Amino acid sequence: MNSKSGIIMKILSIFESGLFIKILSVFITGLWIAGLLLADIYIIILAVVFLIALSTVLYIHRDNLKEIFQKDSNAIVEDERTQLINEKAATMTLGVLIAVMIYAGIVIIALRNNYPQFLQAGYTLFLASILCFILYFTSRAYYTHKY
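Per an unreviewed UniProt entry, the protein chain goes by DUF2178 domain-containing protein and derives from Methanobacterium veterum.

Q: Explain the overall build of the protein chain to me, please; I cannot follow it from the model alone.
A: Scanning the protein chain for helices and strands turns up 6 helices and 0 strands. Secondary structure elements of the protein chain, listed N to C terminal, follow the sequence α-α-α-α-α-α. Considering only contacts within the protein chain whose residues lie at least 6 apart along the sequence, 45% involve residues at least 24 apart. Working note: accessible area of the protein chain is about 11900 Å², and carbon and sulfur atoms make up 69% of it.

Q: Would you explain the layout of surface pockets in this entry?
A: Any empty space left between atoms is shown by rolling a water-sized probe over those atoms. What the largest pocket holds in volume is close to 260 Å³. Contributing elements (two or more residues each) for the lining of the largest pocket: helix 5 (80-110) and helix 6 (119-146). Its residues placed into classes, the lining of the largest pocket shows 4 nonpolar, 2 polar and 2 charged.

Q: Explain the packing of helix 5 against helix 6 here, please?
A: The relative placement of two packed helices comes down to the angle between their axes together with the axis-to-axis distance. The interhelical angle for the contact between helix 5 and helix 6, taken along N-to-C directions, is 150°, at an axis separation of 8 Å. It follows from the interaxial angle that helix 5 and helix 6 lie roughly antiparallel. For helix 5 against helix 6, the interelement crossing comes out left-handed. Only Leu119, Gly122, Tyr123, Leu125, Phe126, Ala128, Ser129, Cys132, Phe133 and Tyr136 of helix 6 make contact with helix 5, whose side of the interface consists of Thr91, Leu94, Ile98, Met101, Ile102, Ala104, Gly105, Ile106, Ile108 and Ile109.

Q: How should the packing of aromatic side chains be read in this particular structure?
A: Each aromatic ring pair is specified by the distance between its two centres and by the angle formed by the two planes. With the rule as written, the count across this model stands at 6 aromatic pairs. Taking 5.5 Å as the distance between ring centres and 75° as the angle between the ring planes, the aromatic pair formed by Phe27 and Phe50 counts as edge-to-face. Within this pair, whereas Phe27 is found in helix 2 (residues 18-38), its partner Phe50 is found in helix 3 (residues 41-60), the two being separated by 23 residues in sequence. Ring-pair connections join several aromatic residues into one group, and the members of that group are Phe133, Tyr136 and Phe137.

Q: For this particular structure, what's the right way to read unusual backbone geometry?
A: As a rule of thumb, non-glycine residues mostly have phi less than zero, and peptide bonds are mostly trans rather than cis. The backbone of Ala39 shows a phi angle near 55°, a positive value even though the residue is not glycine. Following the sequence through the fold, Ala39 ends up in the loop between helix 2 and helix 3. With a relative accessible area of 69%, Ala39 lands in the exposed category.

Q: Explanation requested: the confidence of the model for the protein chain in the structure shown.
A: Taken as a whole, the protein chain shows an average pLDDT of 82; of its residues, 78% reach a score of 70 or greater. Across the protein chain, the secondary-structure element scoring lowest on mean pLDDT is helix 1 (residues 2-15), at 63, and the one scoring highest is helix 6, at 91.

Q: Even after reading the chapter, I still don't get the environment of Phe126, so can you show me in this structure?
A: Locating Phe126 in the fold gives a position in helix 6. With 18 residues separating them along the chain, Phe126 and Ile108 place their C-alpha atoms 9.6 Å apart. The contact partners of Phe126, leaving out residues within four places of it in the chain, are Ile102, Gly105, Ile106 and Ile109.

Rules and cut-offs
- Residues numbered from 1 in each chain as written.
- Predicted model: local features only at pLDDT ≥ 70, side-chain atom pairs only at ≥ 80, totals over all residues.
- Heavy atoms only, no water.
- Helix = DSSP H or I, 4+ residues; strand = E, 2+ residues; numbered from the N terminus.
- Contact = heavy atoms within 4.5 Å.
- Areas by Shrake-Rupley, 256 points an atom, 1.4 Å probe, with all protein chains shown as cover.
- 1 Å grid on protein atoms, 1.4 Å probe; cavity = no way out; pocket = protein on both sides within 12 Å on 5 of 7 lines; lining within 4 Å.
- Points joined across faces, edges and corners; volume = space filled by probe spheres on them.
- Nonpolar A, V, L, I, M, F, W, Y, C, P; charged D, E, K, R; others polar.
- Axes fitted to C-alpha atoms, helices over the stretch in contact; angles between N-to-C directions.
- Parallel < 35°, antiparallel > 145°, perpendicular 65-115°, else oblique.
- Left-handed = near helix turned anticlockwise from the far one by under 90°.
- Phe/Tyr/Trp six-rings, centres within 6.5 Å; stacked < 30°, edge-to-face > 60°.
- Buried < 20%, exposed > 50% of the residue type's maximum accessible area, 1.4 Å probe, protein only.
- pLDDT = per-residue confidence, 0-100.

Quick look at the structure:
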């Protein structure tokens, strides 16, 4: 009986390992790409099912994620400087992307008399950038309050 319990624990430890999660993530990405290229909704549904399963496993082990991914022998441990650089680069990238989306949306909307077929794309870009602004300021307020 103890042997069966040991086997089950080994199987569970494989599913909780960082390598398995990374491989499963690559597999899910491959399913997304294949589903989009082949225009097959069933492959995309399969990718969504795997993504939900992976999200469930990650949510269950959310407290151990750092431990799961850093116990790999080739994992790189980041210091505070690297994290600060990544945060600043991400913030700048988000700002530039939002600005470009706003300007492109405004230009496309301004050209609605000459290119009416692109009007919906202009509104979509403009509204998506507004949504990004709202999401950014909401998350900023949340993390300001949290920390």
